[in-house]
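# Structure at a glance
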Amino acid sequence: MLNKMTILHKKLRKERSSEIAAACDITRNSMSIELYDTAMNRVYAKSSLFGTEITAETSKEMISKLLVTALRENNIPSSAVKSVGIAADVHISEYLERELTAGDLFLNPDIEIYFPPFISMRISGRFTASLTTIPEEIYTAADFGSSFYIAEKKSTGELVCAAFPLVGAFDGSRIESGMPAEEGAIDIVRREKDGTLSYEVVNDAFSVGISPCGAAMAAALMLDEGIIDSDGIMYDRDLFFIGEDFFISQEDIRSIQSDKARTAAVLDLFQCDNNTFFSGEPFSSPDGLKTLIRLGAIPEKLKKAAFARNSVLRGVENCLKSPDIRKKAENIAKNAKDITDEIISEYDERYLENLRF
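Presented here is a report on the structure given in the accompanying data block. What you see is a predicted model, and the numbers here were worked out from it, not measured in a lab.

### Here's the deal with the overall build of the protein chain
- Counting secondary structure elements, the protein chain contains 9 helices and 17 strands.
- In terms of overall dimensions, the protein chain is globule-like: its C-alpha atoms have a radius of gyration of 20 Å, near the 21 Å expected for 357 residues.
- For the C-alpha atoms alone, the extent of the protein chain along its principal axes is close to 60 × 50 × 35 Å.
- Across the 357 residues that make up the protein chain, the buried fraction comes to 57%.
- Of the contacts formed within the protein chain by residues at least 6 apart in sequence, a portion of 68% connects residues at least 24 apart.
- When the accessible area of the protein chain is evaluated, it comes to approximately 15600 Å², of which 47% is carbon and sulfur surface.
- Averaging the locations of the 41 positively and 56 negatively charged side chains of the protein chain gives two centres separated by 4 Å.

### Some words on the sheet that holds strand β12 (residues 209-210)
- The mixed open sheet is built from 3 strands, whose spatial order is β11-β10-β12. Either end of the sheet is taken by a strand with one partner, and the two such strands are β11 (197-201) and β12.
- Summarising the sheet, strand β10 (residues 185-191) and β12 pair through 2 bridges and their orientation is parallel. Bridge pairing in β12 places A185 opposite G209.
- Sitting on the sheet, helix α4 (residues 212-224) is in contact with β10, β11 and β12, with an inclination near 20° to β10.

### Let's talk about the pattern of salt bridges
- Applying the stated criterion to the full structure yields 23 salt bridges.
- Among the salt bridges present, the one from D341 reaches R122, with a minimum N-O distance of 2.5 Å. Of this pair, D341 sits in helix α9 (residues 340-353) while R122 is found in the loop between β6 (113-114) and α3 (125-131), placing the two residues 219 residues apart along the sequence.
- A residue is classified by how much of its surface remains accessible, and R122, at 36% relative accessible area, is partly exposed.

### Structural notes on the packing of α4 against helix α6 (residues 288-295)
- For the pair α4 and α6, the least separation of the axes is 9 Å and the interaxial angle reads 45°. One way to sum up the angle between α4 and α6 is to call them oblique. Once α4 is placed against α6, the crossing between them reads as left-handed. Residues C213, A216, M217, A219, A220, L223 and D224 of α4 lie in contact with α6, whose contacting residues are G288, T291, L292, R294 and L295.

### Quick look at the pairing of strand β9 (residues 159-165)
- Burial runs high along β9: 6 of the 7 residues are buried.
- Taken together, the 7 bridges between strand β8 (residues 147-153) and β9 define a ladder with antiparallel strand orientation. Residue pairing for β9: F148 is matched across the bridge by F164.
- Sheet analysis places β9 next to strand β17 (residues 337-338), joined by 2 bridges and oriented parallel. By the bridge assignment, V160 is partnered in β17 with K337.

### Description of the nonpolar core
- F144, F240, I248, F270, F278, L292 and I298 are the most contacted members of the largest nonpolar core, which totals 56 residues.
- Here the element with the most residues in this core is α4; it accounts for 10 residues.
- Contact partners of F144, with chain neighbours within four places excluded, come to F170, T263, F278, S279, G280, E281, P282, F283, L292 and I298.
- Residues Y44, I63, I76 and A102 belong to the second largest nonpolar core, which totals 34 residues.

### Comments concerning empty space enclosed by the protein
- Per the counting criterion, the structure on display carries 1 cavity of 30 Å³ or more.
- Counted as a void, the largest cavity has a volume near 290 Å³.
- Around the largest cavity, the lining comprises 27 residues; the ones closest to its centre are D25, T27, S30, R126 and E281.
- Elements represented by at least two residues in the lining of the largest cavity include exactly β2 (20-26), β3 (30-37), β7 (139-144), β8 and α7 (312-321).
- No other element matches the 3 residues that β3 contributes to the lining of the largest cavity.

Definitions and cut-offs
Residues numbered from 1 in each chain as written. Predicted model: local features only at pLDDT ≥ 70, side-chain atom pairs only at ≥ 80, totals over all residues. Heavy atoms only, no water. Helix = DSSP H or I, 4+ residues; strand = E, 2+ residues; numbered from the N terminus. Rg over C-alpha atoms; globule rule 2.2 N^0.38 Å. Buried < 20%, exposed > 50% of the residue type's maximum accessible area, 1.4 Å probe, protein only. Contact = heavy atoms within 4.5 Å. Areas by Shrake-Rupley, 256 points an atom, 1.4 Å probe, with all protein chains shown as cover. Lys, Arg positive; Asp, Glu negative; His and termini not counted. Charge placed at Lys NZ, Arg CZ, Asp CG, Glu CD. Pairing = 2+ DSSP bridges. Axes fitted to C-alpha atoms, helices over the stretch in contact; angles between N-to-C directions. Salt bridge = Lys/Arg side-chain N within 4 Å of Asp/Glu carboxyl O. Parallel < 35°, antiparallel > 145°, perpendicular 65-115°, else oblique. Left-handed = near helix turned anticlockwise from the far one by under 90°. Core = buried A, V, L, I, M, F, W, Y, C linked by side-chain atoms within 4.5 Å. 1 Å grid on protein atoms, 1.4 Å probe; cavity = no way out; pocket = protein on both sides within 12 Å on 5 of 7 lines; lining within 4 Å. Points joined across faces, edges and corners; volume = space filled by probe spheres on them.

Here it is, written out as structure tokens:
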């Protein structure tokens, strides 16, 4: 993972109203804030922070810094912010809900700070927010991040969930030059017909790192060209260079191999059908799903699954603007059953079966 903290701001619209909702998504190695215009029903601007580990103790200072600079960069007065929603892992949500005030964010002290409810101590409000975006009554949904979260809504109305930790390939934290798919990330890697290795960078910016999707695409290419074998061993080199400055290492391949085996093992244990939805950094480019299928992280039968890079922010925004969606989040958290302990022994067996590419 890149170890230099970076903050990026991007304005997406020219016009806005004075009714802004700030939706925040916090992971273990990144933080994103979308400034959502509730009157015009669209995202006005987005700000991102990455390149550092985010803990409960540092999250308060970081979210304050990111929101204040986001408002300043986009010339938005604090009085325009009418609501704030924060989705994070359970330990961070618990800490911020106890310690963070609107005053810490330099906002009107009467503003409520909303946290999507968590399903269990394993399954955070991030996943609850993600599930509120699914329109289907019967579905399977999964989020690829620091952990692999999965939920299955059955025809009986029962909602079962599970969560298993990942080592860091799919959030970029265990890729040597890993970063989210923000400006400067190498997000697409391919071999041209003339043999040239080419890549694309988010926003056509100067490359500063490799996104999880870019790393997965590089691994798939290495597998197709025999640069790594089915055991994940690099044959005749220690590094696979992408351009002059970035590379995929043997350690990176091991991280990808482990995470793909973990996700494949879990998906084997759930009834995935046509109503399957994926989200997470590996889906930041259109070929993300196809790449994970090639690596064996996702079964071929799910090639028509819907996917998005970040459904968490959409869910938080929906909760901020709709009492009905907020009620839906409460019902999900209340009624979902965490079955992780019930399937962990089968998961362990299937993990070993799925280690080979």
